[in-house]
Amino acid sequence: EEDSETVVIKAMAGESWDDLVAFAVKNNWGGLENLSLIPGLVGACPIQNIGAYGVEVKDVIQQLEALNINTGKKQVFDNIDCGFAYRSSVFKTDLKGKYLITAVTFKLSKNPKFNASYGDVSIETEKLGGMSLQNIRQAIINIRTSKLPDPLIIGNAGSFFKNPTIDIHHFSRLIVKFPSIKSYKVNEQWLKIPAGWLIEQCGFKGYKEGRVGVHENQALILINLGGAKGSEIIALAEKIQNKVWDTFEIKLEMEVNII
C-alpha cells in the first residue's frame, strides 16, 4: 500500500532482515537503511526493538501478526500494543515465550530524511559521494564490517550490553574526572553513554581470559575464542559490569537474553 508520502510493506517473519533492508533501499523507501547488516530474520526485529546508528525499528513498525502459542489463534498487535522500549518490547517482557511472530508491517517514507548523525556515518557517507539511502546503507555496511566480527567465524552475540542512560547531574560529575567522555542527548535531563566507550576506558578492549574475550575492534562485543561455555561468557560480563560500576558508578545492563 502507498500514498504520496509513504509506502506500507508487509514482510514474513522468516525473511532475511538485511534482504528486506536492501529491498527498501533499492526502491528508495526510507526508514530501514541505518539498520543495514544486522543479522537475523524479520520476525526477530520487534522482539529486541533492534536499533543501530541512531535509529530504532519501532519508529517504522506499523503492526505485526503473531500466533498465541497456547491457543494457536492469530492476533494483530499495533505499534502501541508492542510496548516498545530501548532494546525491548512486550515480547521480551510480559509476553515472553507466549507468542510466535509471523509477519511484520512497516511504514516507510517515499521522501526520506537522512540520519547520519551517529558515529562515523556522516564521514563514511560523504566518502561515498554524499547523502542518499544507498550511500548511508553502504557506509553502515562498511563500518559494521570493519568493526564487528562475523558470528560465523568468531562466536559472538553482537552488542552484549545496552548503552546506559544517566542524568545530567551524574554526567556533570563524570566529565570533570573524564573530560573525553562521550554522550548523546536523550532529552533535557538524560544522556546516553556509549557502553563500548565505558568498557574500553576500563581496559577491556581486546582483553582475553581463558577461552573468552572482548573484541579488539569493538569493546561491546564479547567473543568465544573456542570451546567456551556460557558460564565463562557470563563471568566475563559480570567482571566488566563490576569494573564499570567501580569506575563510573554506571550499571551496565546485558542486552542479550540469558537462558
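Quick note: structure is the one above.
Residues numbered from 1 in each chain as written. Predicted model: local features only at pLDDT ≥ 70, side-chain atom pairs only at ≥ 80, totals over all residues. Heavy atoms only, no water.

Here we look at the sheet that holds strand β13 (residues 221–224)
- Strand order across the open sheet formed by four strands is β7-β13-β12-β11, with antiparallel pairing between neighbours. Of all strands in the sheet, those with a lone pairing partner are β7 (155–159) and β11 (208–209), marking the two edges.
- With three bridges joining them, β7 and β13 adopt antiparallel strand pairing. Within β13, the residue paired with Ser 159 across the bridge is Ile 221. (Pairing = 2+ DSSP bridges. Helix = DSSP H or I, 4+ residues; strand = E, 2+ residues; numbered from the N terminus.)

Details of the packing of aromatic side chains
- Applying the stated rule across the entire model yields eight aromatic pairs.
- Centre to centre, the rings of Trp 17 and Phe 106 are 5.9 Å apart; their planes meet at 55°, and the pair counts as tilted. Here the residue Trp 17 occupies a position in helix α1 (residues 17–26), and Phe 106 occupies one in strand β6 (residues 99–109), the gap between them amounting to 89 residues.
- Taking relative accessible area as the criterion, Trp 17 reaches 1% and is therefore assigned buried.
- Given the relative accessible area of 0%, Phe 106 is considered buried.
- Ring geometry for Phe 160 against Phe 161: centres 5.3 Å apart, planes inclined by 65°, an arrangement best described as edge-to-face.
- On the basis of relative accessibility, which here comes to 5%, the residue Phe 160 falls in the buried class. (Phe/Tyr/Trp six-rings, centres within 6.5 Å; stacked < 30°, edge-to-face > 60°. Buried < 20%, exposed > 50% of the residue type's maximum accessible area, 1.4 Å probe, protein only.)

As for the sheet that holds β6
- With respect to topology, four strands assemble into an open sheet ordered β1-β6-β4-β5, the strand pairing being antiparallel. Looking at which strands have only one partner, the edges of the open sheet turn out to be β1 (6–12) and β5 (74–78). Neighbour to neighbour, the strand axes of the sheet diverge by 20° on average, direction disregarded. (Axes fitted to C-alpha atoms, helices over the stretch in contact; angles between N-to-C directions.)

Points about the pattern of salt bridges
- Applying the stated criterion across every chain yields a total of 14 salt bridges.
- Close ionic contact of Lys 58 with Glu 56 constitutes a salt bridge, the shortest N to O distance being 3.8 Å.
- Among the salt bridges present, the one from Lys 74 reaches Glu 65, with a minimum N-O distance of 3.9 Å.
- In this structure, a network of salt bridges that share partners links the residues Glu 56, Lys 58, Asp 59, Arg 87 and Glu 255. (Salt bridge = Lys/Arg side-chain N within 4 Å of Asp/Glu carboxyl O.)

Observations regarding unusual backbone geometry
- The phi angle at Asn 49 is positive, at roughly 45°, despite the residue not being glycine.
- Mapped onto the secondary structure, Asn 49 falls in the loop between α2 (45–48) and β2 (51–52).
- For Asn 49, a relative accessible area of 0% puts it in the buried group.
- For Tyr 53, which is not glycine, the phi torsion reads 50° and is therefore positive.
- In this fold, Tyr 53 is placed in the loop between β2 and β3 (55–56).

A few points about the layout of surface pockets
- Volume-wise, the second largest pocket comes out at about 280 Å³.
- Considering the residues around the second largest pocket, the lining is formed by 17 residues, among which Gly 30, Gly 31, Asp 59, Val 60 and Ser 109 are closest to the centre.
- Elements supplying a minimum of two residues to the lining of the second largest pocket: β3, β4 (61–68) and β6.
- Per-element tally for the lining of the second largest pocket: the top contributor is β6, with three residues.
- Here the residues of the lining of the second largest pocket sort into five nonpolar, seven polar and five charged. (1 Å grid on protein atoms, 1.4 Å probe; cavity = no way out; pocket = protein on both sides within 12 Å on 5 of 7 lines; lining within 4 Å. Points joined across faces, edges and corners; volume = space filled by probe spheres on them. Nonpolar A, V, L, I, M, F, W, Y, C, P; charged D, E, K, R; others polar.)

Points about a nonpolar patch on the surface
- A cluster of nonpolar side chains, contributed by Leu 67, Ile 69 and Leu 100, occupies part of the molecular surface with about 260 Å² of accessible area.
- Here Ile 69 shows up in the loop between β4 and β5. (Patch = residues over 30% accessible without salt bridge, like charges linked within 9 Å, V, L, I, M, F, W, Y side chains within 5 Å. Areas by Shrake-Rupley, 256 points an atom, 1.4 Å probe, with all protein chains shown as cover.)

These figures capture arrangement, not role.
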